[in-house]
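Residue-level listing of the chains:
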Amino acid sequence: MRAIRRFTVRTVLPENLQALEDLAINLRWSWHPQTRDLFAAIDPVLWAESGHDPVRLLGEVSADRLAELAADQGFVDWVGRARADLAEYLEQPRWFQSLGDDAPAGIAYFSPEYGITSALPQYSGGLGILAGDHLKTASDLGVPIIALGLFYRAGYFRQTLSRDGWQQEHYPVSDPDGSPVSLLREADGTPAKVAVGLPGGRFLAARIWVAQVGRVPLLMLDSDVEENGPAEREVTDRLYGGGGEHRLQQEMLLGIGGVRALRAYCRITGRPEPEVFHTNEGHAGFLGLERIRELMSVNSGMTFDQALEVSRAGTVFTTHTPVPAGIDRFPRDLISQYFGGDNASAGVPVDRVLELGTEDFEGGDPAVFNMAVMGLRLAQRANGVSLLHGEVSRGMFSGLWSGFDNEDVPITSVTNGVHAPTWTARQVVDLAHGASLDDAEGWAVIADTPDEQLWQVKRALREELVAMTRWRLRESWTNRGASDAELGWTDSVLDPDVLTIGFARRVPSYKRLTLMLRDPERLRALLTDPERPVQLVVAGKAHPADDGGKRLIQQLVHFADSEDIRHRIVFLPDYDISMATTLYPGCDVWLNNPIRPLEASGTSGMKAALNGALNLSILDGWWDEWFDGENGWAIPTADGVEDPDRRDDLEAEALYSLIENSVAPAFYTRDENGLPQRWLAMLKHTLRTLGPKVLASRMLREYVTRLYAPAAVASREIEAANYALARDLSDWKGRLRAGWDGLRIDHVEADGVGDAVMQGSGITVRAYASLGSLSPDDVEVQVVFGRVDADDRIVQHQEAAMEAVEQYDGNRWLYRASIDLDRNGPFGYTVRILPAHAGLVSAQELGLQVVPPLAEGMSDGVLR
């Protein structure tokens, strides 16, 4: 019989081992190997069987074994030292504490998923892994983040294969009582709860589980509570599960309920209220609406627009998708139903809510509500996750800043990074001899490791990957219905002395899992080459609703099942953190072949690089930014080829050729000592140069200095003197928009532009502008200049503010600026009018500008 309810009975620890509970409940153990050593010593076999989960280990270890350990003074002292080390880690000042007064008192970080450890399966892929690394790094640097998410009872699915290689999904229930989380409780011991209104007078209630990620609390809302009806209890059932309405309820709980949970946590614990709110993708965008509602409810007379300015000033929005299809979009009627009628919030009219997410730009769909568009409108600062992705995002969202060149769209970029203590193999860390991996010094020490020792480490890591692959492959075939008698061949799968290429990621079509299969016989020849063989380890999950992705997996599995090559290529089901921490270090090459530029960043190749793997990748995401010709190989792209099949054929051929003519020769060409000198030189260069760049500590320092700290300052300024700046900014925007159509540039002229304009000379530009009902204080008139292309478009432009020097009748003004001509070649200029106010981050923020006719504003002079 099956149980109708599952729960975990936790072990009562001996008093002198009580500190084990503290060590297990704080997830620092997931990136602190010394703490994991302690738990492994309790019962090595049970530690392995528990999946390296301390909470599960303590729940299953026998009372006799605990009594034996409690009587072992050496072990008791070990526990005490580990607890003291954790206390010191949690309390000592770190990098963030060295910053000045501009540093924010707190940051709230919202994400729909978090990949911290396999013991807390609340993630599906890269977005969650990045969020987990963000929290771990915040803990290491002392950044005062409070994270918000949802607690999914079934998390994301576990993956197996059918006999025919078709993906099958399984949803094991996550028991919070058996997880490294604790319930947030009020002072009287009752569980703290929040509620979000739903149509029809219903409410969605949730309790709050807290996972302690080092210094960082992660609050996860769980709708499986008695106050909810059956449908509401299922809201947090699965990550990315259900249809549109189910997803909307999840995102309302994450955004609105998340802010309410945050307030409850700060009230109960005394933690300072965050000054900055960071929404990691659009899923949590409704947090801005809740903050507007809060502000209006506690500030009598504050308008929606004034509250919007306050909320925007302290909000950061990060977009992670390079394609519109990756954005959550809901029918406007559904939004009206959930934010209007009997569920409307006082002072937050549904028409204003709809305005925030409407696609009111060329090419937009007026029938949908776009969560990313709302996220951008509710945040004063926004970023993509690599330089290339920032460029792609500026183009993708340019409709919100109609008339501006893409480079003027106010979306910056912070390139992703990875948490080195989590993803760097212990054998590699040991090569640093205690030097910090948080900066270049430690990576330089590793790169200076003698060739023979470094090569031995890589072979040992390859051996670990081979061992893991063999037992996982046997387990997979057992699940597919094979008997032990059929599986003897799995004991000889892979070879620790063969060039090993890894490929693991989600399986949407743009990541092209099966590009390697475009010419199966060519791949078969590479795998079975008698002198320079290659072996491939592949893993990845398709979304449960993506049959196209499942077919790609099945196609690859069918190929890998072939008896003549199954010892050289494997597909491992159920890709997760546990698998990844052995897969990345064990590979020599990390393969990535998305359709450019559809990879926002990608971080798996970063993790492989930290372990001495070389990247073999399309120039996309982070690799486009940091490939230097010596840290791996760039797969040429068939830019301009419109036929997708022809493009894939060309790029697959380029991939095969690189492996055959560059990658394999570098790996197998050995010196008299049997060492691949060319390979080791590239490996060391990768460690020395990429190591410091791909770190999440670099990434988070950028977030703090470039986004969080400025947002905190802006938040303080706009709240000062009873929100005086917010009221002024809101009133000014209303007046500006009312008068904007009255602006025009009447005439532009320049001195110094003759038949021969010489480099090193200068010109003076004058513009006559009519300001209508506005004043010079409301606007900035700029001269925009730089080199021009064949179509007279200014490229790599610069701008200079022009000075208002004289007023004429009808509020007409003369503006003037001088330009130094320090570069030769085709040159041009134009003039524009932009909004100007102390409360703006950039003049482009409002998407408003006035420009003259092109013919009048451009010069066709050529500098010599």
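Relevant structure appears above.
Everything in this summary refers to the structure shown in the same document. Owing to the predicted nature of the structure, the values given are computational and were not obtained by experimental measurement.

Here the focus is the overall build of the chain. Scanning the chain from N- to C-terminus turns up 28 helices and 28 strands. Relative to the globule expectation of 29 Å for 864 residues, the C-alpha radius of gyration of the chain, 29 Å, shows essentially globular dimensions. Seen through its principal axes, the chain has C-alpha atoms that stretch 95 × 70 × 50 Å. Across the chain, contacts joining residues at least 24 apart in sequence account for 72% of those joining residues at least 6 apart.

Before going further, it helps to spend a moment on the sheet that holds strand S21 (residues 744-751). Pairing in this open sheet of four strands is antiparallel, and the strands run S21-S22-S26-S25 from one edge to the other. Each end of this open sheet is capped by a strand with a single partner; those strands are S21 and strand S25 (803-808). On average, adjacent strands in this sheet sit at an angle of 20° to one another, irrespective of strand direction. Both strand S22 (residues 762-770) and strand S26 (residues 812-820) contribute to a ladder of nine bridges, which runs antiparallel. Bridge pairing in S26 links valine 765 to alanine 817.

Okay, the packing of aromatic side chains next. Following the criterion strictly, the structure yields 23 aromatic pairs and no others. For the ring pair phenylalanine 151 and tryptophan 209, a centre distance of 6.2 Å and an interplane angle of 45° mean the geometry is tilted. Taken as a pair, phenylalanine 151 in the loop between strand S2 (145-150) and strand S3 (158-161) and tryptophan 209 in strand S7 (residues 202-213) lie far apart in primary sequence, 58 residues in all. The same class applies to phenylalanine 151 and to tryptophan 209, which are both buried. Look at phenylalanine 286 and phenylalanine 339: their rings are 4.9 Å apart centre to centre, the planes differ by 35°, and that puts the pair in the tilted class. Of this pair, phenylalanine 286 sits in the loop between strand S9 (276-280) and helix H10 (287-298) while phenylalanine 339 sits in helix H12 (residues 332-339), and the two are 53 residues apart along the sequence. Residue class for phenylalanine 286 comes out buried when judged on its relative accessible area of 0%.

Moving on, we get to the nonpolar core. Counting residues in each nonpolar core, the largest one holds 103 residues, and the members touching the most others are Leu499, Met516, Leu616, Trp633 and Trp679. When residues in this core are grouped by element, the largest group, 11 residues, is from helix H25 (residues 644-668). When near neighbours in sequence (up to four residues on either side) are disregarded, tryptophan 633 contacts Leu614, Asn615, Leu616, Ser617, Trp623, Phe627, Leu658, Ser662, Val663, Ala666, Trp679 and Met682. Core analysis: the next-biggest nonpolar cluster, separate from the first, contains 96 residues, Phe110, Val259, Tyr815 and Val850 among them.

Moving on, we come to the sheet that holds strand S18 (residues 589-592). Spatial ordering of the open sheet is given by S17-S16-S15-S18-S19-S20, a layout of six strands whose pairing is parallel. Two strands bound the open sheet, and with one partner strand each, they are strand S17 (569-572) and strand S20 (632-635). With direction set aside, neighbouring strand axes in the sheet form an average angle of 20°. The strands touched by helix H19 (residues 451-479) within the sheet are strand S15 (499-504), strand S16 (534-539) and S17, with S17 carrying the most contacts at an inclination of about 65°.

Below, the discussion takes up the side chain of threonine 500. Position of threonine 500 relative to the elements: it lies in strand S15. Setting aside residues up to four positions removed in sequence, threonine 500 forms contacts with Arg462, Leu465, Gln535, Val537, Gly586, Cys587, Asp588 and Val589.

What follows is about the pattern of salt bridges. Using the criterion set out here, one finds 60 salt bridges in the structure. Arginine 28 is the salt-bridge partner of aspartate 85, the closest N and O atoms lying 2.8 Å from each other. Highlighted residues: aspartate 85 in helix H6 (residues 73-91) and arginine 28 in the loop between helix H1 (19-25) and helix H2 (33-42), separated in sequence by 57 residues. Judged by relative accessible area, aspartate 85 falls into the partly exposed class, the value being 30%. The salt bridge partner of glutamate 486 is arginine 163, with a shortest N-O separation of 3.7 Å. Linking glutamate 486 in the loop between H19 and S15 with arginine 163 in the loop between S3 and strand S4 (167-170), this pair joins segments that are 323 residues apart in sequence. Salt bridges here are not isolated pairs; linked through shared partners, they connect Arg153, Arg207, Asp222, Asp224 and Arg233.

As for its placement among the helices and strands, leucine 141 is situated in helix H7 (residues 126-141). With relative accessibility at 5%, the residue leucine 141 sits in the buried group. C-alpha of leucine 141 to C-alpha of leucine 700: the two residues are 559 residues apart in sequence and 8.7 Å apart in space. Residues in contact with leucine 141, not counting those within four places in the same chain, are Arg94, Trp95, Phe96, Gln97, Asp438, Ser697, Leu700 and Arg701.

One can find serine 398 in the loop between helix H15 (387-396) and strand S14 (412-413). Engagement of the side chain of serine 398 in a polar contact is seen with the backbone oxygen of glycine 395, the distance being 2.9 Å. Excluding anything up to four places from it in sequence, serine 398 contacts Asn406 and Val409.

Across the junction of arginine 596 and proline 597, the peptide omega takes the value 5°, indicating a cis bond. Among the secondary structure elements, proline 597 is positioned in the loop between S18 and helix H23 (604-610). One non-glycine residue with positive phi stands out, namely asparagine 722, at about 60°. Here asparagine 722 shows up in helix H27 (residues 696-739). Residue asparagine 722 is classed as exposed on the basis of its relative accessible area, which comes to 52%. Although it is not a glycine, glutamine 796 sits at a positive phi angle of roughly 50°.

What follows concerns the packing of helix H9 (residues 244-269) against H12. Close contact between H9 and H12 brings their axes to 12 Å; oriented N to C, the two are set at 50°. It follows that H9 is oblique to H12 by the angle criterion. Of the two possible hands of crossing, H9 and H12 adopt the one that is right-handed. Between H9 and H12, the contacting residues are Gly244, Glu245, Leu248, Gln249, Met252 and Ile256 on the first element and Leu334, Ile335, Gln337, Tyr338 and Phe339 on the second.

Taking 1.5 Å as the rise per residue, H7 with 16 residues should run 22 Å; its terminal C-alpha atoms sit 22 Å apart, in good agreement. Counting buried residues in H7 gives 15 out of 16 residues, a clear majority hidden from the surface. Glycine 142 sits one or two residues past H7 and shows a positive phi near 75°.

Quick look at empty space enclosed by the protein now. One pass over the structure, following the stated rule, counts 11 cavities of 30 Å³ or more. Quantified by volume, the largest cavity comes out at close to 110 Å³. In terms of lining, the largest cavity is formed by 15 residues, of which the most central are Gly786, Gln798, Asp822, Arg823 and Phe827. Where the lining of the largest cavity is concerned, the elements lending two or more residues are strand S23 (779-788), strand S24 (794-801), S26 and strand S27 (825-835). Here the lining of the largest cavity is composed, by residue class, of six nonpolar, five polar and four charged. If you add up the space inside the second largest cavity, you get close to 90 Å³. Together, 13 residues line the second largest cavity, and Leu473, Trp477, Ala560, Asp561 and Phe571 are the ones closest to its centre. Going through the elements one at a time, H19, helix H21 (547-560) and S17 are the ones with two or more residues in the lining of the second largest cavity. Its residues assigned to classes, the lining of the second largest cavity comprises nine nonpolar, one polar and three charged.

Conventions and cut-offs
- Residues numbered from 1 in each chain as written.
- Predicted model: local features only at pLDDT ≥ 70, side-chain atom pairs only at ≥ 80, totals over all residues.
- Heavy atoms only, no water.
- Helix = DSSP H or I, 4+ residues; strand = E, 2+ residues; numbered from the N terminus.
- Rg over C-alpha atoms; globule rule 2.2 N^0.38 Å.
- Contact = heavy atoms within 4.5 Å.
- Pairing = 2+ DSSP bridges.
- Axes fitted to C-alpha atoms, helices over the stretch in contact; angles between N-to-C directions.
- Phe/Tyr/Trp six-rings, centres within 6.5 Å; stacked < 30°, edge-to-face > 60°.
- Buried < 20%, exposed > 50% of the residue type's maximum accessible area, 1.4 Å probe, protein only.
- Core = buried A, V, L, I, M, F, W, Y, C linked by side-chain atoms within 4.5 Å.
- Salt bridge = Lys/Arg side-chain N within 4 Å of Asp/Glu carboxyl O.
- Polar contact = N/O pair within 3.5 Å; in protein donor to acceptor, adjacent residues only side chain to side chain.
- Parallel < 35°, antiparallel > 145°, perpendicular 65-115°, else oblique.
- Left-handed = near helix turned anticlockwise from the far one by under 90°.
- Expected span 1.5 Å × (residues − 1).
- 1 Å grid on protein atoms, 1.4 Å probe; cavity = no way out; pocket = protein on both sides within 12 Å on 5 of 7 lines; lining within 4 Å.
- Points joined across faces, edges and corners; volume = space filled by probe spheres on them.
- Nonpolar A, V, L, I, M, F, W, Y, C, P; charged D, E, K, R; others polar.

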